[in-house]
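# Structural description and commentary
Listed below are the residues making up each chain.
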Amino acid sequence: MSRRDVVKAGAVAAMAGAVPSSVTFADSMFEETKAAAPSFWPDGARMVVSVSMQMEGGAQPASGAESPMPKIDSKYPDLPASKWYDYGFKEGLPRLLEVFERRKIKVTSHMVGAAVDLHPALAKEIVQRGHEATGHGQTWSAQFSMTPADERASYQQSIASIERATGTRPLGFNAFWLRGTPQTLEILQSLGFIYHIDDVSRDEPFLVNVRDKPFAVVPYTLHMNDIVDYETRYFSTAMYADDLKAEFDALYAEAGTRRRMMSVSAHDRIAGRPSRSKVLEEFIVYAQSHPGLAFMRKDEIARFALESRLTVREGV
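Residues numbered from 1 in each chain as written. Predicted model: local features only at pLDDT ≥ 70, side-chain atom pairs only at ≥ 80, totals over all residues. Heavy atoms only, no water.

## Regarding the overall build of the protein chain
Our working rule: To qualify as a helix, a DSSP run of H or I must reach at least 4 residues; to qualify as a strand, a run of E must reach at least 2; elements of each kind are numbered from the N terminus. Contact criterion: two residues are considered in contact whenever any of their non-hydrogen atoms come within 4.5 Å of each other. With residues, only the protein chains shown are counted as cover, and all accessible areas are computed by Shrake-Rupley using a 1.4 Å probe.
Within the protein chain one finds 11 helices and 10 strands. By sequence separation, contacts in the protein chain at least 24 residues apart represent 74% of the contacts at least 6 residues apart. Surface exposure of the protein chain reaches about 14100 Å², of which carbon and sulfur atoms provide 54%.

Encoded structure:
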């Protein structure tokens, strides 16, 4: 990020009224370390934030899908739950896209192939707005119980669905609840994928060996996942806002001496709600008010990690 971009980001944040008037913990740490801090990211950025936007609405089973509704016998169709998922493509994704447009950031959209097949125009719009489309399986099915043949077929179908709708081939992958199989990375690599996100073990991208070739990991962060906070921990929007800010402040302070990235997850039907998208936008403005902060798509992060000599390499 250039000095001009930094100044512009600060001005935008100030206009939005979201830039804090007092010096934060992270800001004070930046002042202490900026003279000696090396560059760990492209264009001299101090830290990176990467946003995931899941496109899932319509791919869920007729009954038994996760929702806020009370559980019913799976032999009956769960009609209100299906409408809850419909909200994701009717309201949630369009609202989130407008947030990202206003804040001029690009995100990564993990798309379930069946949802793409149902809403190809929306998938295409996501890509036309400059966002990345990645694989998230073809159906609402857990990968961990698949045979290698079924797993490969699912990913091939997902690639075809995304290519057909968006004209782009996915390079990244997110398994259902992060649970792949021992064969997942080899299958992905053989199909042309260069990274996955189903690893929560670091706060920076890293490389693993897959058939003696580097494969990038762009880590996920469970407690920055809106499902976990809103649907599991029952956070209010205010609590979620505090969690986002605390995570950012701590990572931004560490970023003076190490490569740091923050992953934020936004599901179509969850973060796409009015109050929650408002909180997410306020966080984006807050992050952009900090010098040297950059938002990056995950394919950009993966490519950079594969090229950088400073990237952590596991098992090499």
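## Overview of the packing of aromatic side chains
So the rule is basically this: In summary, the pairing rule links any two rings of Phe, Tyr or Trp, Trp by its six-membered ring, whose centres are within 6.5 Å, and it sorts them by plane angle into stacked for under 30 degrees, edge-to-face for over 60 and tilted for everything else.
Scanning all chains against the criterion turns up 10 aromatic pairs. Grouping aromatic residues by their ring pairs yields a cluster made of Trp84, Tyr85, Trp140 and Phe176.

## Overview of the pattern of salt bridges
Which entries qualify depends on this criterion: For this document, the term salt bridge refers to a Lys or Arg side-chain nitrogen within 4 Å of an Asp or Glu carboxyl oxygen. Relative accessibility decides the category of a residue: with a 1.4 Å probe and only protein chains considered, values under 20% of the type maximum give buried, values over 50% give exposed, and everything between is partly exposed.
Summed over all chains, the structure comprises 23 salt bridges. Ionic pairing is found between Glu101 and Arg129, a salt bridge with its closest N-O pair at 3.5 Å. Of this pair, Glu101 sits in helix H3 (residues 79-103) while Arg129 sits in the loop between helix H5 (120-128) and strand E3 (132-135); the two residues are 28 residues apart in sequence, bridging distant segments of the chain. Residue classification places Glu101 among the partly exposed positions, given a relative accessible area of 40%. For Arg260, the salt bridge goes to Asp203, with nearest N and O atoms at 4.0 Å. You can see Arg260 sitting in the loop between helix H9 (237-254) and strand E8 (261-267) and its partner Asp203 sitting in the loop between strand E5 (195-196) and strand E6 (206-210), a full 57 residues away along the chain.

## Looking at the side chain of Asp198
Note the cut-off: In this charge count, Lys and Arg are treated as positive and Asp and Glu as negative; neither His nor the chain ends contribute. N or O atoms within 3.5 Å of each other form a polar contact, as long as, within protein, one can give a hydrogen and the other can take it, and as long as residues adjacent in sequence are counted only when both atoms are side-chain atoms.
When you line up the elements, Asp198 lands in the loop between E5 and E6. For the buried Asp198, no salt bridge exists, and the shortest N-O distance to an oppositely charged side chain is 10 Å, to Arg179. In terms of polar contacts, Asp198 uses its side chain to reach the backbone amide nitrogen of Ala175, at 2.8 Å. When neighbours within four sequence positions are excluded, Asp198 is seen to be in contact with Phe173, Asn174, Ala175 and Leu178.

## Considering the pairing of strand E2 (residues 108-111)
The side chains of a regular strand alternate between both faces of the sheet. Stated formally: Note: two strands are recorded as paired if DSSP finds a minimum of 2 bridges between them.
Because side chains alternate across E2, one face comprises the buried residues Thr108 and His110, and the other comprises Ser109 and Met111, equally buried. Summarising the sheet, strand E1 (residues 47-55) and E2 pair through 4 bridges and their orientation is parallel. In the sheet register, Met53 faces E2, and the bridge partner there is Ser109. For E2 and E3, the ladder comprises 4 bridges, and the chain directions are parallel. If you follow His110 over to E3, its bridge partner there is Thr134.

## Observations regarding the packing of H9 against helix H10 (residues 274-288)
The line we're drawing: With axes taken as lines fitted to C-alpha atoms, and helix axes fitted only over the stretch in contact, angles between N-to-C directions fall between 0 and 180 degrees. Small angles under 35 degrees read as roughly parallel and large ones over 145 as roughly antiparallel, with 65 to 115 read as roughly perpendicular and the rest as oblique. Should the near helix be turned counterclockwise from the far one by less than a right angle, the crossing is left-handed, whereas a clockwise turn marks it as right-handed. The classification used treats Ala, Val, Leu, Ile, Met, Phe, Trp, Tyr, Cys and Pro as nonpolar, Asp, Glu, Lys and Arg as charged, and all other residues, Gly among them, as polar.
In contact at an axis separation of 10 Å, H9 and H10 are set at 25 degrees when each is read in the N-to-C sense. Considering their axes alone, H9 and H10 lie roughly parallel with respect to each other. The hand of the H9/H10 crossing is right-handed. Together, Thr237, Tyr240, Ala241, Leu244, Lys245, Phe248 and Asp249 of H9 and Ser275, Arg276, Val279, Phe283, Tyr286 and Ala287 of H10 make up the contact between the two elements. Tallied by class, the residues present in the contact of H9 with H10 amount to 8 nonpolar, 2 polar and 3 charged.

## Let's talk about the nonpolar core
Here is the rule: Among the buried residues, those of types Ala, Val, Leu, Ile, Met, Phe, Trp, Tyr and Cys that are joined through side-chain atoms within 4.5 Å form a nonpolar core.
Membership of the largest hydrophobic core comes to 52 residues, with the highest contact counts inside it found for Phe100, Phe248 and Met262. Broken down by element, the residue count for this core peaks at 7 residues, all from H3. Setting aside residues up to four positions removed in sequence, Phe100 forms contacts with Val51, Met53, Ile105, Val107, His131, Leu280 and Ile284. With 18 residues, the next largest nonpolar core counts Val48, Ile197, Val218 and Ile301 among its residues.

## Section: the environment of Thr311
With respect to the helices and strands, Thr311 occurs in the loop between helix H11 (298-307) and strand E10 (312-314). With 52 residues separating them in the primary sequence, Thr311 and Arg259 have C-alpha atoms 8.7 Å apart. Not counting chain neighbours up to four residues away, the residues in contact with Thr311 comprise Pro205, Phe206, Leu207, Arg259, Phe304 and Ala305.

## Description of empty space enclosed by the protein
Quick reminder of the rule: Only protein atoms enter the calculation, which uses a 1 Å grid: trapped sets of points that fit a 1.4 Å probe without letting it out are cavities, open sets showing protein on both sides within 12 Å along at least five of seven lines are pockets, and any residue with an atom within 4 Å of a point is a lining residue. Grid points are joined across faces, edges and corners, and a volume is the space filled by probe spheres set on the points.
Applying the stated rule across the entire model yields 4 cavities of 30 Å³ or more. Counted as a void, the largest cavity has a volume near 150 Å³. Lining the largest cavity we find 15 residues, and of these Glu56, His136, Trp177, Ile227 and His267 sit closest to its centre. Class assignment for the residues of the lining of the largest cavity results in 7 nonpolar, 5 polar and 3 charged.

## A word on the side chain of Thr108
Looking at the element boundaries, Thr108 is found in strand E2. Only 2.5 Å separates the side chain of Thr108 from the side chain of Glu132, close enough to count as a polar contact.

## So, H3
Under the convention used in this document: Every helix has an expected span of 1.5 Å times one less than the residues it contains.
Here H3 is 25 residues long and its end C-alpha atoms lie 36 Å apart, about the 36 Å a rise of 1.5 Å per residue gives. Positive backbone phi, at 55 degrees, marks Lys104, one or two positions downstream of H3.

## A look at the environment of Gly130
Topologically, Gly130 is positioned in the loop between H5 and E3. The exposure class assigned to Gly130 is partly exposed, which follows from its relative accessible area of 24%. With 29 residues separating them along the chain, Gly130 and Glu101 place their C-alpha atoms 9.6 Å apart. Among residues more than four places away in sequence, those in contact with Gly130 are Lys106 and Arg297.

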